[in-house]
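Residue strings, one per chain:
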Amino acid sequence: DVNLFPDTDQLKPIIVDGQTVGFVWCEIRDNMGNPHPCCPRAIMKSVCKTGKDMGYHAEMFGELEFYLFDKHTGEPQDNAGYLSVAPMDKGGRFRHALSDALDEQGIEIRRIHHECGPGQNEVELEFADALVNADNQQKSIWIQHMIAEEMGLTCDFNPKPRLPIAGNGLHQHTILRDAEGRNMFSDGNAGISHVGKCYIQGLLKYARDITAVFAMNKQSFERLDPKHEAPLFIAWGLGNRSALVRVPVITRENQENTRIEFRAGDASGSPHLLCAMILAAGLQGIKEGEECGPSSSVNFGHLTDAEAAEYRLLPNTTEQCLEVLRTSTFVREVLGQPAVDFLIRHQESLRE
């Protein structure tokens, strides 16, 4: 038996099927009150506590990409492109409804717009406490499905719903702050601090581990194509959108918002586990104290075979993810053996 313990601070009214009901996040616990070892939210809370014990408060935000398909024909809602507007862009009514619904839930939006693919859109949530950010992403996904249903649409978060058009990512951005609220990734001189460089190194070192946890769909591997700004090569770059880890260009005016972006993620698995692995990898990099190498300005979508051979790759098959899950000590330290066993069983089911 398991029990659900509500986080009453998160209780919000929400309309579902015309009825006002209460929405509240719950933790899964056993009969002794201990966190269930496979509860993604409990795992994320544990990683956040590790950060706090190190003196850091983590803030994160995610970019949810999704396609809107006609529920009856299965065709994309429109044939528009990046930042298109009406009449080509048919997603405006959906985005307005989503914006209103998220606002009612206290979820702030940074940007919301049409993306590159036909019928593809993106909602970029505002920075929040790292746990709240993961909650907000999962809640937004649920709300988006409900709005789409009401409008005769299907909201598809799969990593690569159709070939060869652009896939759906779930990029994650992180800032670490100290007790006084100072950005620990900024060196105060429009550059990246030692803490920031170590955090990047942690993401690079454990990038394969992160991928093995979030890639819960074979489409994940079809999406990871640098030609569509979906990274496969393990590298970082300042302002480089083709790199796995990106630091947006820093100026003296914006350095207090210095952030680190992990660009490989998608929504095929749990947003809580994706965020937990990213944050844990960065924190482990800080513990280990090794700084990342120089920033790369390479366009990873246009590498020669000889150039590509110089870089480590993310796992890009189910078998490669299984190998990581079976052998990674780091994944076990972050998630625990029961959660890893569950992920292994899921990956094995993808081979059937």
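Everything discussed here concerns the structure shown above.
The structure contained in this document is the topic of the report that follows. Remember, predicted model here, so these are calculated numbers, not experimental data.

Digging into the pattern of salt bridges
Any two side chains of opposite charge can pair if their charged atoms end up close together.
(1) Moving on: Counted according to the given criterion, the structure contains 21 salt bridges.
(2) Moving on: Between Arg177 and Glu59 there is a salt bridge, with the nearest N and O atoms lying 3.2 Å from each other. Note that Arg177 is positioned in strand E10 (residues 170-177) and Glu59 in strand E5 (residues 57-70), a separation of 118 residues in sequence.
(3) Moving on: Owing to a relative accessible area of 14%, Arg177 belongs among the buried residues under this scheme.
(4) Moving on: The shortest N-O distance in the salt bridge between Asp89 and Arg95 comes to 2.5 Å. Each member of the pair, Asp89 as well as Arg95, is classed as buried.
(5) Moving on: Linked by salt bridges that have partners in common, Arg110, Arg111, Glu124 and Glu126 make up one network.

Considerations on the packing of helix H3 (residues 130-150) against helix H7 (residues 271-288)
Axes are the key here: two packed helices are described by the angle between their axes and the distance separating the axes.
(1) Moving on: As a packed pair, H3 and H7 sit with axes 9 Å apart at the nearest point and diverge in direction by 150°. If you check the angle between H3 and H7, you find them roughly antiparallel. Of the two possible hands of crossing, H3 and H7 adopt the one that is right-handed. Between H3 and H7, the residues in contact are Ala130, Leu131, Asn133, Ala134, Asp135, Gln137, Gln138 and Ile141 and Pro271, His272, Cys275 and Leu279, respectively.
(2) Moving on: Among the residues forming the contact of H3 with H7, the class breakdown is seven nonpolar, four polar and one charged.

Describing the nonpolar core
The tendency in soluble globular proteins is for nonpolar side chains to be buried side by side.
(1) Moving on: Core analysis: the biggest nonpolar cluster contains 87 residues, and Leu279 and Leu335 have the highest contact counts within it.
(2) Moving on: With 11 residues, H7 is the single largest residue contributor to this core.
(3) Moving on: If sequence neighbours within four positions are ignored, Leu335 has contacts with Pro37, Ile43, Val213, Leu273, Met277, Val340 and Leu343.
(4) Moving on: Phe233, Ala243, Phe300 and Ala308 belong to the second-largest nonpolar core, a separate cluster that totals five residues.

Section: unusual backbone geometry
(1) Moving on: In this model, Ala86 is joined to Pro87 through a cis peptide bond whose omega is 10°.
(2) Moving on: For Pro87, the location among the structural elements is in the loop between E5 and helix H2 (92-104).
(3) Moving on: Cis geometry is found at the peptide bond from Leu163 to Pro164, where omega equals 0°.
(4) Moving on: The topology assignment puts Pro164 in the loop between strand E9 (153-156) and E10.
(5) Moving on: Look at Leu83: it is not a glycine, yet its phi comes out positive at around 60°.
(6) Moving on: In this structure, Leu83 sits in the loop between E5 and H2.

Side note on the side chain of Gln172
(1) Moving on: Structurally, the position occupied by Gln172 is in strand E10.
(2) Moving on: Polar contacts involving the side chain of Gln172 include one to the side chain of Gln137, which spans 2.8 Å.
(3) Moving on: Apart from residues no more than four positions distant in its own chain, Gln172 is found in contact with Met60, Phe61, Gly62, Asn133, Gln137, Ile260, Glu261, Phe262, Leu274, Cys275 and Ile278.

Some words on a negative patch on the surface
(1) Moving on: On the surface, a cluster of negative charge is made up of Asp100, Asp103, Glu104 and Glu108.
(2) Moving on: Examined against the element boundaries, Asp100 turns out to sit in helix H2.

Re the pairing of E10
(1) Moving on: In terms of residue burial, E10 counts as a mostly covered element, since eight of its eight residues are buried.
(2) Moving on: Neither face of E10 is left uncovered, since the one carrying Leu170, Gln172, Thr174 and Leu176 and the one carrying His171, His173, Ile175 and Arg177 both have all their residues buried.
(3) Moving on: Inspection of the sheet shows E5 paired to E10 by eight bridges, in the antiparallel sense. Paired with Gly62 across the bridge in E10 is Gln172.

Conventions and cut-offs
Residues numbered from 1 in each chain as written. Predicted model: local features only at pLDDT ≥ 70, side-chain atom pairs only at ≥ 80, totals over all residues. Heavy atoms only, no water. Salt bridge = Lys/Arg side-chain N within 4 Å of Asp/Glu carboxyl O. Helix = DSSP H or I, 4+ residues; strand = E, 2+ residues; numbered from the N terminus. Buried < 20%, exposed > 50% of the residue type's maximum accessible area, 1.4 Å probe, protein only. Axes fitted to C-alpha atoms, helices over the stretch in contact; angles between N-to-C directions. Parallel < 35°, antiparallel > 145°, perpendicular 65-115°, else oblique. Left-handed = near helix turned anticlockwise from the far one by under 90°. Contact = heavy atoms within 4.5 Å. Nonpolar A, V, L, I, M, F, W, Y, C, P; charged D, E, K, R; others polar. Core = buried A, V, L, I, M, F, W, Y, C linked by side-chain atoms within 4.5 Å. Polar contact = N/O pair within 3.5 Å; in protein donor to acceptor, adjacent residues only side chain to side chain. Patch = residues over 30% accessible without salt bridge, like charges linked within 9 Å, V, L, I, M, F, W, Y side chains within 5 Å. Areas by Shrake-Rupley, 256 points an atom, 1.4 Å probe, with all protein chains shown as cover. Lys, Arg positive; Asp, Glu negative; His and termini not counted. Charge placed at Lys NZ, Arg CZ, Asp CG, Glu CD. Pairing = 2+ DSSP bridges.

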